[in-house]
Number of protein chains: 2
Amino acid sequence: MFKITPLDNGLENVEGFFCGATNVGMRTKPINPETGSADGDVSFIRSTTPCDIAAVFTSNTFQAAPIKHFKQYPKHFQTDFILINAKNANAMTGEKGVEDIKTIMTVLSNKLAVLNPVMSSTGVIGYRLPVDKIVSAFDALAFDTANSQQTARAIMTTDAFKKEVAYKVELDDGTSFSIAAICKGAGMINPAMATMLCFIITDAAVPKEDMDTLLLDATEGSFNRISVDGDTSTNDTVMLLANKQSGVYNKAAFGEVLNKLMFELAMLVLKDGEGANKLVAFEVKGALSQEEAKKASMALSNSLLVKTALFGEDPNWGRIASTIGASGITCDDATLTIHYDDLLIYSNAFRELDKAREERAYVIMKQPSFKVTCDIGLGNESYTSYGCDLSYEYVKINAEYRT
Amino acid sequence: MFKITPLDNGLENVEGFFCGATNVGMRTKPINPETGSADGDVSFIRSTTPCDIAAVFTSNTFQAAPIKHFKQYPKHFQTDFILINAKNANAMTGEKGVEDIKTIMTVLSNKLAVLNPVMSSTGVIGYRLPVDKIVSAFDALAFDTANSQQTARAIMTTDAFKKEVAYKVELDDGTSFSIAAICKGAGMINPAMATMLCFIITDAAVPKEDMDTLLLDATEGSFNRISVDGDTSTNDTVMLLANKQSGVYNKAAFGEVLNKLMFELAMLVLKDGEGANKLVAFEVKGALSQEEAKKASMALSNSLLVKTALFGEDPNWGRIASTIGASGITCDDATLTIHYDDLLIYSNAFRELDKAREERAYVIMKQPSFKVTCDIGLGNESYTSYGCDLSYEYVKINAEYRT
């Protein structure tokens with residue numbers, strides 16, 4: 001069919017794209033004290049030719065100003081420039097927030113020929129953008145070079161590590177295209193999107209209509225299935241830009257690679273879940289409908305009691321069962337079974353956990369990732385979501401976020 | 001109208017009721033290490049005459065064995081005996097769990113004449129009751145005495161303090177009745193009930209049909225409005241027993257006192273929220289419907305990001321706004337206002353928080369309790385729910401619950 005090769009250096013692999021970052025003084029502390037480097041707070045992604053763009057935005061009613069600004073363009077517009085800032089979400093800033101973006105873009109246009117530039121912001125809600133600081137970036141940014149690592153770091157907020165993925169895809173006829181992405185997000189991660197930004201670029205000649213449907217499908221299979229804390233931000237954005245410079249396209253290959261790339265990024269976000277130490281897949285199967293399977297699976301990945309039991313490495317399957325019972329789906333404790341990886345930990349046949357199983361459960365729970373499978377035993381539908389544990393560190397990070 | 005007098009010594013104030021507790025070895029550690037006393041793990045509440053009973057149970061599909069056992073009685077049954085145990089929820093124990101209760105009650109009947117005895121359990125899910133230990137309590141319990149404090153302590157699990165309330169109610173004609181309650185609960189507290197048990201006894205001559213409707217109303221105004229962690233247990237139970245020995249009844253007075261008593265208990269449960277330091281009322285008003293007001297209010301009291309901001313005493317109103325936007329109700333950031341107590345902290349008129357308001361907000365947030373009011377500005381409906389902060393201590397308690 002086709003061959004996929006992972007590549008280093010993220011966004012730098014895609015023909016006709018440039019990217020980079022600079023520090024204009026919004027980020028006053030280094031992200032990692034030990035590295036001490038002055039990471040950027042304003043960054044860009046630019047294409048040398050116009051791109052079609054597909055985007056998925058937060059379901060939060062209070063969409064941030066950059067999203068409102070994006071939506072003022074015609075439905076099918078092309079762009080060649082994304083400007084991104086950290087430390088300030090430009091959310092709940094009203095009409096002024098959108099005007100600030102227009103001011104910034106007017107200054108940009110005087111420096112550089114850009115087509116329908118879009119903006120994306122992440123950070124604290126409720127403060128106007130420092131427009132003067134941001135436009136000062138235009139003198140410092142190197143618009144004709146590509147530095148993926150710099151860009152991936154500049155979009156980080158509470159992230160512990162940068163998130164970059166890139167692939168070269170070779171089709172059977174010897175032609176090839178590239179796809180790459182950077183992503184940020186570590187908290188407020190929730191089904192129905194999260195405080196996460198994800199920028200995907202490709203030189204594949206993917207038609208606009210495929211971009212929209214494939215991006216939605218891949219979002220449902222990735223970012224919509226992860227939960228760190230059940231909150232949904234005002235700024236969540238996934239953008240896919242295609243400049244089509246390779247001239248190459250195969251729908252099946254492109255869709256599969258897009259799914260793979262976004263799933264990997266979603267798992268990186270979850271691994272970086274604020275204070276999280278464990279990544280757990282919650283599969284609910286044997287449900288009467290996919291809707292019910294999803295409801296129970298999401299309830300598990302969002303439950304505080306399940307999350308703290310994971311942190312405590314306590315094989316307390318009662319919390320799993322109780323959460324399924326509380327989710328409101330059709331279920332019966334006589335048909336339910338619960339597995340941790342391959343270990344049957346609850347069934348009507350034995351219920352009470354014997355010492356041997358408990359010991360094995362402890363071993364499974366000590367792993368950095370494992371799977372909880374709940375078979376409702378009533379139907380054939382299933383759904384898997386992904387969650388993490390809740391540690392002291394989560395509380396610390398979020399109690400002290402603004403300081 | 002009528003006069004309400006609070007009384008010490010909880011359940012001991014109600015004519016014709018006895019109560020007490022003993023330790024049969026399920027609770028192996030003292031509840032408070034500093035007091036070191038051997039608190040009970042099996043307790044009872046008994047009436048000298050048959051009582052009508054009204055009960056509200058958990059909405060969790062997996063209702064615990066004591067609830068299943070209760071429901072095997074005819075719809076309008078009378079009882080004179082409640083047996084309660086801590087440390088074991090008798091949940092997810094299947095038919096065996098109900099059989100164990102019947103075995104226990106058969107042994108009890110051989111010691112003491114009881115009418116339709118009911119049971120209530122709290123503790124870990126998924127283990128059979130230690131029947132032999134529990135029946136050994138029947139030799140130790142003093143069935144003809146009343147010790148409310150002992151009983152209130154014996155039902156505690158992660159509670160930091162016992163919860164007892166009692167009132168004498170004097171009507172204008174000089175007649176009076178008493179009502180008293182004990183309650184436990186500190187975690188898994190959620191709208192739609194919680195891991196909480198509440199036993200209310202009265203000598204008022206309240207008719208059975210009023211008991212049912214008044215208890216439901218009072219539950220909606222109290223326990224259904226508090227949230228510690230958004231989880232819903234298998235065992236939640238509120239029971240109201242009326243032996244009618246006073247011969248006195250006034251519906252308005254009884255309803256008002258029941259509401260007051262249950263609201264106070266709910267606030268005690270919230271104050272005892274695992275690791276909680278702050279009690280916060282979340283009023284949502286100006287909503288298009290009461291359903292929407294409730295949805296947004298509950299979203300606030302359940303949000304991890306709001307809870308951690310409360311713990312950090314961070315006047316980050318952006319998290320409040322973001323949570324309302326994510327709740328899915330009809331809202332507009334131009335009509336929304338947010339107050340902390342009487343301080344306007346967000347409105348379309350100024351949005352960005354100035355230093356003076358921020359300083360005042362810090363002072364408000366340092367209080368042990370305060371109110372967040374969100375006026376949606378679109379309608380006339382309102383709803384208030386009650387939540388608490390999320391601290392390191394919550395994570396610790398729940399990571400180590402079984403150990």
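Every value quoted in this text rests on a predicted model; they were computed, and no experiment measured them. (Residues numbered from 1 in each chain as written. Chains lettered and ligands numbered in written order. Predicted model: local features only at pLDDT ≥ 70, side-chain atom pairs only at ≥ 80, totals over all residues.)

A few words on the overall build of chain A. Per the secondary structure count, chain A includes 11 helices and 15 strands. The C-alpha atoms of chain A give a radius of gyration of 22 Å, which matches the 22 Å a tight globule of 403 residues would have. Structurally, chain A occupies a C-alpha span of about 75 × 55 × 40 Å along its principal axes. The buried share of chain A, reckoned over its 403 residues, is 57%. (Helix = DSSP H or I, 4+ residues; strand = E, 2+ residues; numbered from the N terminus. Rg over C-alpha atoms; globule rule 2.2 N^0.38 Å. Buried ≥ 20, exposed ≤ 12 C-beta atoms within 10 Å, placed from the backbone.)

Residues and elements named next belong to chain A. Of all 10 residues in helix 9 (residues 317-326), 10 are buried, a share of seventy percent or more. Of all the residues in helix 9, the buried ones are W317, G318, R319, I320, A321, S322, T323, I324, G325 and A326. If you follow the buried residues of helix 9, they end up packed against helix 7 (290-302), helix 8 (304-311), strand 12 (337-340), strand 13 (343-347) and strand 14 (369-375). With its phi angle positive at about 90°, G328 sits one or two positions after the end of helix 9. (Contact = placed C-beta atoms within 7 Å.)

Residue and element names in this part refer to chain A. Of all residues in chain A, 92% have pLDDT values of 70 or greater, and the mean over the chain is 90. Residue range residues 188-194 is modelled with pLDDT below 50. Its contacts to residues more than four positions away, or to other chains, number 40 contacts. This prediction of the complex comes with two scores: 0.85 for pTM and 0.81 for ipTM. (pLDDT = per-residue confidence, 0-100.)

We now examine the pairing of strand 1 (residues 2-6) of chain B. Residue and element names in this part refer to chain B. In terms of residue burial, strand 1 counts as a barely covered element, since only 0 of its 5 residues are buried. Relative to strand 6 (residues 163-171), strand 1 runs antiparallel, the two sharing 5 bridges. Looking at the pairing, F2 lines up with L171 of strand 6. (Pairing = 2+ DSSP bridges.)

Residue and element names in this part refer to chain A. Reading across from one edge, 9-15-11-14-12-13 is the order of the 6 strands in this open sheet, with mixed pairing throughout. Strand pairing shows two members of the sheet lacking a second neighbour, strand 9 (226-227) and strand 13, which therefore form its edges. Examined bridge by bridge, strand 12 and strand 13 share 4 bridges and lie antiparallel to one another. Pairing of T337 across the sheet is with S347, part of strand 13.

Time to look at the domain arrangement of chain A. We note that the domain assignment places domain 1 (2-271) and domain 2 (279-399) within chain A. The gap between the C-alpha centroids of domain 1 of chain A and domain 2 of chain A is 33 Å. (Domains from an automatic or database assignment.)

Pairing between the strands of a sheet is mediated by backbone hydrogen bonds and can be parallel or antiparallel. All names here are of chain B. Here 6 strands make up an open sheet; going across it, the order is 9-15-11-14-12-13 and the pairing mixed. Every interior strand has two partners, whereas the edge strands, strand 9 (226-227) and strand 13 (343-347), have only one. In terms of strand pairing, strand 11 (residues 279-287) meets strand 15 (residues 381-388) through 7 bridges, oriented antiparallel. Paired with A287 across the bridge in strand 15 is E381.

This paragraph deals with the environment of D39 of chain B. Residue and element names in this part refer to chain B. Mapped onto the secondary structure, D39 falls in the loop between strand 2 (17-22) and strand 3 (42-57). Its 22 C-beta neighbours within 10 Å are what place D39 among the buried residues. Linking D39 and N9, residues 30 residues apart in sequence, is a C-alpha distance of 17 Å. Those residues in contact with D39, other than ones at most four positions away along the chain, are N23, R27, P30, I31, R153 and A154.

Below, the discussion takes up the environment of D354 of chain B. All names here are of chain B. With respect to the helices, strands and loops of the structure, D354 is situated in the loop between strand 13 and helix 10 (355-365). Given 8 C-beta atoms within a 10 Å radius, D354 is considered exposed. Distance in space between the C-alpha atoms of D354 and A21 is 56 Å, their sequence separation being 333 residues.

Backbone geometry follows two general trends: most residues other than glycine have a negative phi, and most peptide bonds adopt the trans configuration. Residue and element names in this part refer to chain B. The phi dihedral of N90 falls on the positive side, at around 45°, and the residue is not glycine. Residue position: N90 is located in the loop between strand 4 (78-85) and helix 2 (94-111). According to the C-beta neighbour criterion, N90 is buried, with 31 such atoms within 10 Å. In this model, D341 sits at a positive phi of 50°, which is unusual for a non-glycine residue. Its location among the elements puts D341 in the loop between strand 12 (337-340) and strand 13.

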